[in-house]
Amino acid sequence: MAQGSAVHKVAVIGGDGIGPEVTAAALEVVAEAGVCLDTASYDLGADRYIRTGEVLPDSVLEELKGVDAILLGAVGPPVGSKKVPPGLLERGLLLRLRFDLDLYVNMRPFSGVGGSIASGCDMVVVRENTEGPYAGEGGILRRGTQQEVATQGSVNTRFGVERCVRFAYQLAYDRPARRLALVHKTNVLTYAGDLWSRAFEEVGREYPEVSTDYNHVDAASIYLVENPARYDVVVTDNLFGDILTDLAGAVFGGIGFAASANLNPARTGPSLFEPVHGAAHDIAGSGRANPVAAIRSAALMLRHLGEEAAAARMEAAVEKLLAGREQAQPFGSTGEVAKSVCHLLA
Ligand code: NAD
Ligand code: IPM
Ligand code: MN
């Protein structure tokens with residue numbers, strides 16, 4: 001049953017560790033939901049680097065610019081790997097895609113799994129995705145000497161912050177609760193905090209219907225655990241968003257359930273969809289990887305491609321699977337979960 005009118009060209013980067021396993025499971029559910037994708041697999045990640053020394057050849061990046069969407073599993077070597085230098089793949093592949101494709105919003109929705117402390121709650125974190133400490137500002141001087149200096153600055157442009165904040169306001173406006181919280185650390189990061197606060201306040205004047213709040217990121221970590229219902233939409237910088245969304249993953253039932261959309265809202269190129277989690281080398285190949293985050297990420301991708309009905313059916317099937325679940329209940333294998341979601345597609 002093909003639903004959309006066009007065939008969507010999707011680049012699939014399974015990547016490392018559990019990445020290929022959860023991506024295959026997600027594609028199985030997409031096919032069962034009746035969406036026909038024209039997929040092309042890209043062999044990128046640790047194995048390719050170890051084999052060829054290549055991370056993301058320019059020719060591949062150019063090709064990726066021409067697809068409709070990118071579905072990614074995870075990239076990165078085992079922590080402490082001797083074969084791949086730290087950050088080489090993360091910066092050279094994932095961050096390069098986020099930066100070069102101008103994926104300036106990392107939208108991470110959470111919906112509490114039955115039995116978790118956030119059961120019945122849902123929230124979305126809008127993480128700025130191209131700036132902050134991730135931008136690459138800084139350097140190292142006199143390396144290996146007693147006088148060694150390392151700096152890693154946070155880059156916050158008015159343009160970059162404002163477009164992210166505006167996206168978050170619009171998202172909050174479109175949700176029933178219409179609440180938006182800025183999370184930052186304005187009591188210490190006074191320069192970046194000042195810029196973020198002013199952008200938040202000024203863009204907020206365009207959205208008088210959205211009620212706003214502000215929390216320092218340390219306090220937000222308490223509130224998220226103690227009262228996950230407190231938040232509707234949260235907007236925050238790149239690094240705070242990275243950390244808070246792993247925490248939110250755990251609070252809302254487990255990191256294996258958390259999806260993300262790296263969006264180019266202007267649609268000047270493809271957007272990229274991936275789980276919040278990483279390559280999880282500790283469980284790779286064991287069949288224990290939870291594919292729900294990848295399945296939900298694929299649903300976000302389908303919605304972005306205009307396949308709303310199939311996306312909603314996939315999300316509803318996942319909700320059905322998770323609704324009655326007790327926290328302590330064992331979860332099936334990667335393949336079993338994908339099959340269950342397929343069976344629950346209405
Ligand atoms: P990780 O997210 O891979 O794993 C953290 C913990 O969560 C592990 O105990 C793991 O077993 C568990 N976990 C993660 N996903 C799971 C799933 N689907 N089901 C069940 N359990 C799951 O974080 P890490 O160990 O810090 O990173 C491993 C590698 O992945 C590193 O190289 C890191 O840079 C990379 N990474 C990549 C991405 C990405 O590609 N988007 C994201 C995060 C980390
Ligand atoms: C994520 C990951 C990435 C990040 C790494 C792998 C570069 O942790 O997507 O959350 O820090 O953004
Ligand atoms: Mn992360």
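So, how was this worked out
Residues numbered from 1 in each chain as written. Chains lettered and ligands numbered in written order. Predicted model: local features only at pLDDT ≥ 70, side-chain atom pairs only at ≥ 80, totals over all residues. Heavy atoms only, no water. Axes fitted to C-alpha atoms, helices over the stretch in contact; angles between N-to-C directions. Helix = DSSP H or I, 4+ residues; strand = E, 2+ residues; numbered from the N terminus. Parallel < 35°, antiparallel > 145°, perpendicular 65-115°, else oblique. Left-handed = near helix turned anticlockwise from the far one by under 90°. Contact = heavy atoms within 4.5 Å. Nonpolar A, V, L, I, M, F, W, Y, C, P; charged D, E, K, R; others polar. Buried < 20%, exposed > 50% of the residue type's maximum accessible area, 1.4 Å probe, protein only. Polar contact = N/O pair within 3.5 Å; in protein donor to acceptor, adjacent residues only side chain to side chain. Phe/Tyr/Trp six-rings, centres within 6.5 Å; stacked < 30°, edge-to-face > 60°. Lys NZ or Arg CZ within 6 Å of the ring centre and 35° of its normal. Near = heavy atom within 4 Å. 1 Å grid on protein atoms, 1.4 Å probe; cavity = no way out; pocket = protein on both sides within 12 Å on 5 of 7 lines; lining within 4 Å. Sits in = over half its atoms within 2 Å of the grid points. Pairing = 2+ DSSP bridges. Right-handed = clockwise from strand over helix to strand, strands pointing away. Expected span 1.5 Å × (residues − 1). Arc of directions from axis to C-beta. Core = buried A, V, L, I, M, F, W, Y, C linked by side-chain atoms within 4.5 Å.

Asks: Is there a simple way to think about the packing of helix 1 (residues 19-32) against helix 9 (residues 292-304) in this case?
Replies: The packing of two helices is summarised by the inter-axis angle and the distance between the axes. Helix 9 packs onto helix 1 with a crossing angle of 50° between their chain directions and a minimal axis gap of 8 Å. Of the possible angle classes, the one that applies to helix 1 and helix 9 is oblique. Handedness of the crossing formed by helix 1 with helix 9: right-handed. In this structure, helix 1 contributes V22, T23, A26, V29 and V30 to the contact, and helix 9 contributes A294, I295, A298 and L302. When its residues are assigned to classes, the contact of helix 1 with helix 9 shows 8 nonpolar, 1 polar and no charged.

Asks: Teacher, can you tell me more about the environment of S297 here?
Replies: Within the element layout of this structure, S297 appears in helix 9. S297 gets classed as buried once you look at its relative accessible area, which sits at 1%. Remark: the alpha-carbon pair of S297 and G249, spanning 48 residues in sequence, is separated by 14 Å. With residues near it in sequence (within four places) discarded, S297 still touches A259, S260, F273, E274 and P275. For S297, the side chain forms a polar contact with the main-chain nitrogen of S260, separated by 3.5 Å.

Asks: Is there a simple way to think about the packing of aromatic side chains in this case?
Replies: Both the distance between ring centres and the angle between the ring planes are used here to describe each pair of aromatic rings. This structure, assessed with the given rule, holds 4 aromatic pairs. Where F110 meets F252, the ring centres are 5.7 Å apart and the plane angle is 50°; that geometry is what we call tilted. Taken together, the residues F110 in strand 4 (residues 105-111) and F252 in the loop between helix 8 (238-251) and strand 11 (259-263) connect sequence positions 142 residues apart. Here the guanidinium or amino end of R178 rests over the ring plane of Y173, the centre of that ring lying 4.0 Å away. Over the aromatic face of Y223 sits the side chain of R230, whose NZ or CZ is 3.9 Å from the ring centroid.

Asks: Would you explain the site of ligand 1 in this entry?
Replies: Not every one of the 19 residues close to ligand 1 is listed here, only the nearest: P77, E90, G278, A280 and D282. A distance of 2.5 Å separates an oxygen atom of ligand 1 from a polar atom in the side chain of E90. In the model, an oxygen atom of ligand 1 is placed 2.8 Å from a nitrogen or oxygen of the G278 main chain. Judged by the proximity of its atoms to the pocket grid, ligand 1 belongs to the largest pocket. By residue class, the composition of the shell around ligand 1 is 11 nonpolar, 5 polar and 3 charged.

Asks: What is the right way to read the side chain of K185 from this model?
Replies: Inspection of the secondary structure puts K185 in the loop between strand 8 (179-184) and helix 6 (190-204). When neighbours within four sequence positions are excluded, K185 is seen to be in contact with Y214, H216, V217, D218 and F240.

Asks: Is there a simple way to explain the sheet that holds strand 11 in this structure?
Replies: Strand pairing within a sheet occurs via backbone hydrogen bonds; the two strands may be parallel or antiparallel. Pairing is mixed across the open sheet formed by 10 strands, whose spatial order is 2-1-3-12-11-4-5-10-8-9. Two strands close off the open sheet at either side, each with one partner strand: strand 2 (37-41) and strand 9 (211-216). Mean inter-strand twist for the sheet, computed between neighbouring axes without regard to direction, equals 20°. The pairing of strand 1 (residues 8-15) with strand 3 (residues 69-74) spans 5 bridges and is parallel. Within the sheet, the bridge partner assigned to A11 lies in strand 3 and is I70. Sheet strands in contact with helix 7 (residues 217-226) are strand 5 (122-128), strand 8 and strand 9, and its direction is about 110° off that of strand 9.

Asks: How should the pairing of strand 9 be read in this particular structure?
Replies: Note on strand geometry: in a regular strand, side chains alternate between the two faces of the sheet. Sheet analysis places strand 8 next to strand 9, joined by 6 bridges and oriented parallel. What sits directly across from H184, in strand 9, is H216. Taken together, strand 8, helix 6 and strand 9 constitute a β-α-β crossover, and its handedness is right-handed.

Asks: Please explain helix 1 as it appears in this structure.
Replies: Since one α-helical turn is 3.6 residues long, residues separated by three or four positions face the same way. Over its 14 residues, helix 1 extends 20 Å from the first C-alpha to the last, a length consistent with the 20 Å expected when each residue adds 1.5 Å. Among the residues making up helix 1, those that are buried are G19, V22, T23, A25, A26, V29 and V30. An end-on view of helix 1 places all buried positions within 160° of arc, on one side of the element. Check the buried side of helix 1 and you find it contacts strand 1, strand 2, strand 3, helix 9, helix 10 (308-323) and helix 11 (334-344). Looking one or two places after helix 1, you find G34, whose phi comes out positive at around 90°.

Asks: Even after reading the chapter, I still don't get the nonpolar core, so can you show me in this structure?
Replies: Generally speaking, soluble globular proteins have nonpolar side chains that are buried together. M107, V126, L180, V235, M301, L302 and M314 are the most contacted members of the largest nonpolar core, which has 65 residues in total. If we skip the residues at most four places from it in the chain, M107 touches V124, V125, F167, L171, A259, S260, A261, L263 and L300. Core analysis: the second largest hydrophobic core is formed by 23 residues, Y49, I70, L89 and L93 among them.

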